[in-house]
Amino acid sequence: MMGGSLWISHGATEALFNGRSFIAVLPLALLLPTVRVSAQMMMIGGPLDCEETCVCASNIVSCSKKNLTYVPTPLPNYTAVLDLSFNSITRLRAEWTPHSLNRLHSLILSHNNLTFLSSEAFVSVTKLHYLDLSFNSLRQLDECIFEPLEHLQVLLLYSNCISQVNRAAFSGLDNLQRLYLSQNKISRFPLELVKNRSRLKALRLLDVSSNKIKALPLSDLKALPAWIKNSLYFHNNPLPCTCDLHDLVAHWHLKALSSTMDFKESHTCLLPGLQKEKMAILDLDKHYLNCSEVKVMDKSAYLEQRLVLDCDSRERDMMKNWVLPGNISLSPAMETLDDGNLLIGPLKAEDSGVYTCYATSDSFNETLYVTVTVFNSTKSGGLENLKTAYTTLIACLVSLVMVLIYLYLTPCRCACCPGQGLEKSDSFHSSTVSLSQAHEETGQERGEGRGFAYRHVAFMQPKDQLEQNGRLNPIEEDEECQGDRERRRSDAESVSSVCSDTPMVV
């Protein structure tokens with residue numbers, strides 16, 4: 001300022017000699033401090049004008065569509081909503097507000113052509129619940145850039161030029177519920193935001209649609225609970241057409257999830273080839289890949305198993321109540337888990353049927369049905385049946401071998417068996433003759449211990465062995481023996497009945 005004073009004094013001396021020059025220089029000298037203050041204000045922010053530049057209504061400050069290149073200062077401490085949309089603010093520095101705004105919960109900076117965010121840009125507004133940075137020119141999100149915003153619930157970053165997202169960019173956002181990243185240039189699906197629940201514990205909606213994502217972690221997405229999948233939007237990305245992708249989208253569509261129902265026509269994929277033709281993902285079972293039709297799979301189990309039934313509702317933290325088949329209340333053998341799922345078992349055949357889960361909340365009610373089929377066997381029943389079949393087959397084979405051994409390897413005591421010597425070759429006749437002859441043997445022959453006279457019968461003449469009608473009668477009947485004829489014949493027939501099943505050749 002001293003330099004300015006000297007300059008003014010020098011000009012005043014000259015003005016003594018030239019009056020018109022003095023009149024021209026005096027206004028410029030008076031405006032010089034104002035110009036310097038204006039330049040400093042441009043670096044930090046211009047004065048807040050609630051009459052011409054902004055609209056100040058209670059705790060709301062709206063400076064929208066005023067072609068501002070800075071954030072006006074100072075803002076009132078009671079400001080709760082600050083709207084700076086549709087301006088020309090390109091950089092948000094750490095000193096954009098000289099003091100903390102502890103009551104500010106909504107900051108709107110959309111349509112500003114922002115290209116730079118300071119790592120300390122949000123240190124003075126830690127109570128924010130809603131931050132709108134959409135329709136700008138941001139290209140990357142650095143590490144921990146939003147960390148001071150521990151109370152933030154909604155973050156809008158759609159319609160930027162974001163291509164790089166640091167894995168720790170959203171660290172510290174423990175209360176973030178909705179994150180909008182659509183219409184950017186993101187090429188990697190941020191799985192860590194939905195899979196690792198310790199990072200964004202309260203996240204309920206993630207929108208990464210209309211980006212440059214070419215691959216999805218399909219198996220991980222299938223394992224997510226329905227309340228996350230219901231608000232997980234990934235449509236309009238250059239995904240290659242596969243049956244696995246069709247299976248994922250079709251399952252979500254069958255469960256009536258909003259992410260597929262509301263944007264059914266936008267769920268497209270690219271066919272291989274130079275043309276990169278787009279096709280509806282849900283039509284892949286009808287054209288091109290001929291993918292299998294997707295159906296809702298029911299639960300199935302075996303006897304004595306335990307089974308967990310999912311009440312996979314489309315909203316989080318709902319009250320869940322189960323009803324058994326036949327509208328029966330829960331039995332002591334069944335247990336409701338902390339997440340609302342139902343544990344049943346050990347299963348019995350009568351546990352089959354339709355189980356109903358009623359999920360309720362203040363704003364939404366949902367009814368889910370799970371059909372359970374209990375097979376009338378244990379899980380290893382097929383193996384046990386196979387073992388039983390093998391055991392039966394082996395038993396049959398052993399029995400057959402024993403029969404063969406009995407028939408062919410045991411000593412044959414039957415008179416009709418071959419190889420028993422000369423007297424056994426004619427055994428039937430010999431037996432009959434021996435029984436008849438035994439009563440006629442002399443006491444001397446019995447005393448010698450020879451028993452039946454088989455040898456005597458063996459040397460009998462063939463002509464003496466034949467009788468009429470084929471009857472054997474090797475000895476001539478004496479008159480004193482005629483009374484015993486019938487008895488001897490019955491004895492012979494009784495002995496021959498031992499080999500009655502064997503054909504006899506005389």
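Residues numbered from 1 in each chain as written. Predicted model: local features only at pLDDT ≥ 70, side-chain atom pairs only at ≥ 80, totals over all residues. Heavy atoms only, no water.

Points about the overall build of the protein chain
Piece 1. Along the protein chain, the regular secondary structure elements total 13 helices and 22 strands.
Piece 2. Here the protein chain, with 506 residues, has 36% of them falling under the buried criterion.
Piece 3. Within the protein chain, residue pairs in contact and separated by at least 24 positions form 59% of the contacts whose partners lie at least 6 positions apart.
Piece 4. Total accessible area on the protein chain stands at roughly 30700 Å², and carbon and sulfur atoms take up 54% of it. (Helix = DSSP H or I, 4+ residues; strand = E, 2+ residues; numbered from the N terminus. Buried < 20%, exposed > 50% of the residue type's maximum accessible area, 1.4 Å probe, protein only. Contact = heavy atoms within 4.5 Å. Areas by Shrake-Rupley, 256 points an atom, 1.4 Å probe, with all protein chains shown as cover.)

Some thoughts on a negative patch on the surface
Piece 1. On the surface, a cluster of negative charge is made up of Asp 310, Glu 335, Asp 338 and Asp 339.
Piece 2. Its place among the elements puts Asp 310 in the loop between strand S17 (307-309) and strand S18 (319-323).
Piece 3. Looking at Asp 310, the relative accessible area reads 38%, which means it is partly exposed. (Patch = residues over 30% accessible without salt bridge, like charges linked within 9 Å, V, L, I, M, F, W, Y side chains within 5 Å. Salt bridge = Lys/Arg side-chain N within 4 Å of Asp/Glu carboxyl O. Lys, Arg positive; Asp, Glu negative; His and termini not counted. Charge placed at Lys NZ, Arg CZ, Asp CG, Glu CD.)

Some points on the sheet that holds strand S5 (residues 106-108)
Piece 1. Across the sheet, which stays open at both edges, the 9 strands sit in the order S1-S2-S3-S5-S7-S9-S11-S12-S13 with mixed pairing between neighbours. One side of each edge strand has no neighbouring strand; the edge strands of this open sheet are strand S1 (55-57) and strand S13 (232-233).
Piece 2. Here S5 runs beside strand S7 (residues 130-132); their pairing, made up of 3 bridges, is parallel. Residue pairing across strands places Leu 107 opposite Leu 131, the latter belonging to S7. (Pairing = 2+ DSSP bridges.)

Overview of empty space enclosed by the protein
Piece 1. Applying the stated criterion across every chain yields a total of 1 cavity of 30 Å³ or more.
Piece 2. Lining the largest cavity we find 10 residues, and of these Val 194, Leu 203, Arg 204, Leu 205 and Ile 228 sit closest to its centre.
Piece 3. Elements represented by at least two residues in the lining of the largest cavity include exactly strand S12 (205-207) and helix H5 (226-229). (1 Å grid on protein atoms, 1.4 Å probe; cavity = no way out; pocket = protein on both sides within 12 Å on 5 of 7 lines; lining within 4 Å. Points joined across faces, edges and corners; volume = space filled by probe spheres on them.)

With respect to the sheet that holds strand S20 (residues 342-344)
Piece 1. Taken together, the 3 strands give an open sheet; going across it, the order is S17-S20-S19, and neighbouring strands pair in antiparallel fashion. Single-partner strands in this sheet number two, and they are S17 and strand S19 (335-336).
Piece 2. Of the pairings in the sheet, the one linking S19 to S20 comprises 2 bridges and is antiparallel in character. When the sheet's bridge partners are listed, Thr 336 is paired in S20 with Leu 342.

Some points on the pattern of salt bridges
Piece 1. Scanning the model with the defined rule gives 5 salt bridges in all.
Piece 2. The shortest N-O distance in the salt bridge between Lys 222 and Asp 247 comes to 3.1 Å. Here Asp 247 lies in helix H6 (residues 243-254) and Lys 222 lies in helix H4 (residues 218-222), a separation of 25 residues in the sequence.
Piece 3. Residue classification places Lys 222 among the partly exposed positions, given a relative accessible area of 38%.
Piece 4. Arg 314 serves as the salt-bridge partner of Glu 366, at 3.2 Å between the closest nitrogen and oxygen. Here Arg 314 lies in the loop between S17 and S18 and Glu 366 lies in strand S22 (residues 365-375), a separation of 52 residues in the sequence.
Piece 5. Arg 314 sits in the partly exposed class, given a relative accessible area of 23%.
Piece 6. Residues joined in a network through salt bridges with shared partners are Arg 167, Arg 188 and Glu 192.

A closer look at the side chain of Ser 259
Piece 1. As for its placement among the helices and strands, Ser 259 is situated in helix H7 (residues 258-261).
Piece 2. Within the structure, Ser 259 has its side chain in polar contact with the backbone oxygen of Lys 229 (distance 2.8 Å).
Piece 3. Ignoring any residue separated from it by four or fewer positions in sequence, one finds Ser 259 in contact with Lys 229, Asn 230, Leu 232, Tyr 233, Trp 252 and His 267. (Polar contact = N/O pair within 3.5 Å; in protein donor to acceptor, adjacent residues only side chain to side chain.)

Observations concerning the state of the cysteines
Piece 1. For the structure on display, the rule yields 5 disulfides.
Piece 2. In this model Cys 50 forms its disulfide with Cys 56; the gap between the sulfur atoms is 1.9 Å. Of note, the bridge from Cys 50 to Cys 56 carries an S-S torsion of about -65° and is left-handed in sense.
Piece 3. Classification of Cys 50 as partly exposed rests on a relative accessible area of 36%. (Disulfide = S-S within 2.5 Å.)

Details of the packing of aromatic side chains
Piece 1. A complete count under the given rule lists 6 aromatic pairs for this structure.
Piece 2. A ring pair is formed by Phe 135 and Tyr 158, whose centres lie 5.6 Å apart and whose planes are at 85°; its orientation type is edge-to-face. With Phe 135 in the loop between S7 and strand S8 (140-141) and Tyr 158 in the loop between strand S9 (154-156) and strand S10 (164-165), this residue pair connects regions lying 23 residues apart in the sequence.
Piece 3. In this structure Phe 135 comes out as partly exposed when scored by relative accessible area, which is 36%.
Piece 4. Classification of Tyr 158 as partly exposed rests on a relative accessible area of 23%.
Piece 5. Considering the side-chain rings of Phe 146 and Phe 170, the 6.1 Å spacing of their centres and the 5° angle between planes classify their relative orientation as stacked. Highlighted residues: Phe 146 in the loop between S8 and S9 and Phe 170 in the loop between S10 and strand S11 (178-180), separated in sequence by 24 residues. (Phe/Tyr/Trp six-rings, centres within 6.5 Å; stacked < 30°, edge-to-face > 60°.)

Comments concerning the environment of Ser 159
Piece 1. Within the secondary structure, Ser 159 sits in the loop between S9 and S10.
Piece 2. Spatially, the C-alpha atom of Ser 159 lies 9.6 Å from that of Ser 110, the residues being 49 residues apart in sequence.
Piece 3. Here Ser 159 is in contact with Ser 134, Phe 135, Asn 136, Ser 182, Gln 183 and Asn 184, once residues within four sequence places are set aside.

Digging into the nonpolar core
Nonpolar side chains in soluble globular proteins tend to be buried together.
Piece 1. Counting residues in each nonpolar core, the largest one holds 73 residues, and the members touching the most others are Leu 131, Leu 133, Phe 146, Leu 157, Phe 170 and Leu 179.
Piece 2. Counting residues per element, the ones that place at least two in this core are helix H3 (192-195), H4, H5 and H6.
Piece 3. A total of 5 residues in this core trace back to one element, the largest contributor, which is H6.
Piece 4. In this structure Leu 179 touches Leu 155, Leu 157, Phe 170, Leu 193, Leu 203, Leu 205, Leu 206 and Asp 207, once residues within four positions along its chain are discounted. (Core = buried A, V, L, I, M, F, W, Y, C linked by side-chain atoms within 4.5 Å.)

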